[in-house]
Amino acid sequence: RRKEVEEEANNARCLSMMGRGGHVLTHAISQLLLLLLTGACVAAAAQAADARASKQSQARGNRRRDSQVPVLEVQGCNSNPLKLHGMGEDIAATDTLSMVAGLQGAAVAQCVGSSSCSAPYLQFDWQSSGLLIGAGLLSGGKVVKAGPSCARGDWLGPLEPPPVRVAAHSTTAAFASAGCVEVWSLEDRQVWKHVESLPTSLDLADGEQFVPYVFGTQISVGEGVMAVSAAVRRSGKSIVPAVAMFVSISRKEWVLAEVIKCETSSCLHTPQPCSAPGAFPSSEESPTGCLGGGFGSAVAVQGQILAIGIPNNNSVVLYKQQTTAGEFGAADARGERARVGVGLVWKFQTILPGPTESSFKMPFGASLALSSSVIAVGYPSLEPTAGALIFSTLEIGTGAASFGELLLDVGQECCILQLPCCQSAYLGRAVDVMMQGNTARIVVGDPYHDGAVLVDCDVARMKDPANGHQNTRPICAVSSYVRAPTSATQEHGAAELEGRGLGASVALGGELVMFGNPSLSCAAAGGAAGGACGQMCHAASCAPGYCLLYDWSVDNHLCLSCSDENTCKGGLQVCTVEQVGVLAFLFIGAVGLMMLCCCLCGVNLRLIILTTGFEMQGCLGTLLDIVCCIPREHDGDDERDERLLGGEEGGQEDGEQQDEGDDDPVGKGYLPPAVSKALRAMAGEKKKKDGALDEEGSKSCTGELQLPQGAAGGGATARRAVGGSPAKEPVADDEEDGEEGGEEEETEAVDLQDGERGE
């Protein structure tokens, strides 16, 4: 009978395992069908979207031109980690670092563009002691502190937090504030090294001196050259605007090469709003306000070309670097550049005039950006006549575009394309330019509308006279317009009047376009003396022949090579199916095939494991569960099956106990399986010990009559009645499960046993 019970139990267990395997197989098949159905739906949606986009593209042929320029919403905005007030007042970027300045005399530089960046933040503060940065190499902690430590004579420094201007080139970062320019270098993306504090002396030739509170009003850094806005005080106490040119003679030293001065009345600074580009507070000339608009209100240097803006004169002056013989060493009395002895001067080249058709005053030259092929000049204004002009800086006679030739009027183009920047105040408050291949990328800020205009110029056509003159397509054209994210839009109020929304500062570096939004949430933060506010956003800009596949963060974006470079201009353009080609379909097909094969193999392996009763654990089991979508939590099914099998075996064992004769020490009636097994074990031990089966049987009967009085503690009563000493009680899981069988059968068995005792 026991063999039959075991065979039936084994058969039931096998049937249950087969049922569980069928459940797993059914679940896996349903997951595969769901995956295939989802893929089909996605493919159908993609095809429908492509068809709809194709129809819209065909319909745009007869529409107005504004539909040809995409209006995008920038998504990548940071959370102001160092709590700057007015974050984004000025920004600069290269392919290795980015810099951002606030309003209260603070700025931050950090390493970007690579996962290998381990350098800490470099934080500049106008009140930090210069002694902290005198040691040179600093890399400990999460933030490196920096402050002004230059020669400032008797001037003790500003009484209020001054503005901070930032500039960068390659691995060089420069902070200009409080009469000083602090130059730092990023070494191997790991440490910051302090290079120089400028000026090293206020004294110049012929008894002249730098005016400390004007030095560093604007700054631009190029390859081994730096332009700094300044002012020179002559012996007669008159102050003349100037631009100081520094050159790098080693990795650790910058020296003064020339001081370019402008003495005409149109070059002088005049009272300006303190929020105007190039304005600086003046404790001597304008105690109640700021100065600006004069010579050096904006500077830009690239290669041998130097551009200096004079907004009060509505013009920009271009200079070109030259080497002069005979000015080395011995000619000290002839001027500053001879005294330094580097043999470099910047000769006047030409003047770029601003627009003259408007009756409003347009501060042409308030912002500048220069590359080897083009120059962008901004003229922001409170009136709706602001804008920016783009000129050629190629040498005369070298191409289709000559030196100083106007290539594009950004404000006029905005009106033709019916973009938000049409007739916009403060358009051009900030500009920047960067070369990507044969394309010059230009960004023009439009803070009045929380946006920016991106322009592309074909430099290859500019250099090719035949192709440039025969092709009727313009050399420079607007490629896209960028708006602030929904979370960054705001009621401007005073910020709108000052032009300090998104686009108040812009920068290009590597594959990134950065936008400053210094007024965001500053009103809620307590105004000028409040806490952290402002924001800096970014967007990925791909080189020509590439399109943007995704843009997740500053260091996490991917530019994918296009199948057709003629239709793939790069920039902020997102990849389409036509540009990606068959690569996307091959990738999706390979991933789907791999998933299908893995699921089929995983299902077969899991069925084999379940059939053999082996629990898959560890990394392999987890991998199969994740990849093949098979539920791992099957313990509930196992417990239910074991409980049913245990109850069936318990019922069969009860019947077997009732069929046995009087030799069974348990006797008839129902007892818990654990108790009955303990009684049989103790009875067997007594039989072996005493050798008298009849006497031990009577003792077993005596123990049987005492069992019901113990109720739940029947096991303990049995141990006291038989032998008087406690015995070890083995417990089996399957019998305990059987103990949890039907309550009605248990009640009937107990009643039957009580009746027999009564008889």
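Residues numbered from 1 in each chain as written. Predicted model: local features only at pLDDT ≥ 70, side-chain atom pairs only at ≥ 80, totals over all residues. Heavy atoms only, no water.

With respect to the state of the cysteines
Then comes step 1: Summed over the entire model, instances satisfying the criterion amount to nine disulfides.
Then comes step 2: At a sulfur-sulfur separation of 1.8 Å, the disulfide partner of Cys150 is Cys180. One quick way to see it: the torsion about the S-S bond of Cys150 and Cys180 is about -75°, and its sign makes the bridge left-handed. Residue Cys150 is found in the loop between strand 8 (143-146) and strand 9 (165-169), and its partner Cys180 is found in strand 11 (residues 180-187); the two are separated by 30 residues along the sequence. Like Cys180, Cys150 is buried.
Then comes step 3: Paired through a disulfide, Cys542 and Cys559 show a sulfur-sulfur distance of 2.1 Å. When the S-S torsion is -80°, as for the bridge of Cys542 with Cys559, the disulfide is left-handed. One end of the pair, Cys542, is in the loop between strand 35 (535-540) and strand 36 (546-553); the other, Cys559, is in strand 37 (residues 556-561), with 17 residues separating them in the sequence. Of the two residues, Cys542 and Cys559, both sit in the buried class. (Disulfide = S-S within 2.5 Å. Helix = DSSP H or I, 4+ residues; strand = E, 2+ residues; numbered from the N terminus. Buried < 20%, exposed > 50% of the residue type's maximum accessible area, 1.4 Å probe, protein only.)

Looking at the environment of Ala230
Then comes step 1: Mapping Ala230 onto the fold places it in strand 15 (residues 225-233).
Then comes step 2: Judged by its relative accessible area of 2%, Ala230 falls in the buried class.
Then comes step 3: Look past the residues within four positions of Ala230 in its chain and what remains in contact with it is Phe210, Val214, Phe215, Pro241 and Ala242. (Contact = heavy atoms within 4.5 Å.)

Re the pairing of strand 26 (residues 374-379)
Then comes step 1: Of all six residues that make up strand 26, six are buried, and the element is covered over most of its length.
Then comes step 2: Across the two faces of strand 26 the burial is the same, with Val374, Ala376 and Gly378 and Ile375, Val377 and Tyr379 all buried.
Then comes step 3: Note: strand 25 (residues 367-370) against strand 26, four bridges, orientation antiparallel. When the sheet's bridge partners are listed, Leu370 is paired in strand 26 with Ile375. (Pairing = 2+ DSSP bridges.)

Notes on the nonpolar core
In globular proteins that are soluble, nonpolar side chains generally tend to be buried together.
Then comes step 1: The biggest cluster of nonpolar side chains holds 31 residues, and the ones touching the most others in it are Val374, Ile390, Val410, Ile442, Val453 and Val455.
Then comes step 2: In contact with Val374, not counting residues within four places along its chain, are Ala369, Ile390, Phe391, Ser392, Thr393, Leu407, Val433, Ala440, Ile442, Cys457 and Met462.
Then comes step 3: One finds Val195, Leu202, Ile219 and Val228 within the second-largest nonpolar core, a separate group that totals 23 residues. (Core = buried A, V, L, I, M, F, W, Y, C linked by side-chain atoms within 4.5 Å.)

Observations regarding the side chain of Glu182
Then comes step 1: Note on placement: Glu182 falls in strand 11.
Then comes step 2: One buried charged residue, Glu182, forms no salt bridge at all, with the nearest opposite charge on Arg152 at 7.9 Å.
Then comes step 3: Of note is the side chain of Glu182, whose polar atom sits 2.8 Å from the backbone nitrogen of Ser149.
Then comes step 4: Reaching out from Glu182, the side chain makes a polar contact with the side chain of His194 at a distance of 2.9 Å. (Lys, Arg positive; Asp, Glu negative; His and termini not counted. Salt bridge = Lys/Arg side-chain N within 4 Å of Asp/Glu carboxyl O. Polar contact = N/O pair within 3.5 Å; in protein donor to acceptor, adjacent residues only side chain to side chain.)

Section: the sheet that holds strand 27 (residues 387-392)
Then comes step 1: Taken in spatial order, the four strands line up as 25-26-27-28 in an open sheet, and their pairing is antiparallel. Strands with a single pairing partner mark the edges of an open sheet, and in this sheet they are strand 25 and strand 28 (406-409). Pairs of neighbouring strands in the sheet enclose a mean axial angle of 15°, with direction left out of account.
Then comes step 2: Here six bridges tie strand 26 to strand 27, and the two strands are oriented antiparallel to one another. (Axes fitted to C-alpha atoms, helices over the stretch in contact; angles between N-to-C directions.)

What to know about the packing of aromatic side chains
Then comes step 1: Applying the stated rule across the entire model yields seven aromatic pairs.
Then comes step 2: For the pair Phe364 and Tyr379, a centre-to-centre distance of 6.1 Å together with 45° between the ring planes defines the contact as tilted. Taken together, the residues span a long stretch of sequence, with Phe364 in the loop between strand 24 (344-353) and strand 25 and Tyr379 in strand 26 at a distance of 15 residues. Assigned by exposure class, Phe364 and Tyr379 land together as buried.
Then comes step 3: Put simply, the rings of Phe210, Phe215 and Phe246 pair up and form one aromatic cluster. (Phe/Tyr/Trp six-rings, centres within 6.5 Å; stacked < 30°, edge-to-face > 60°.)

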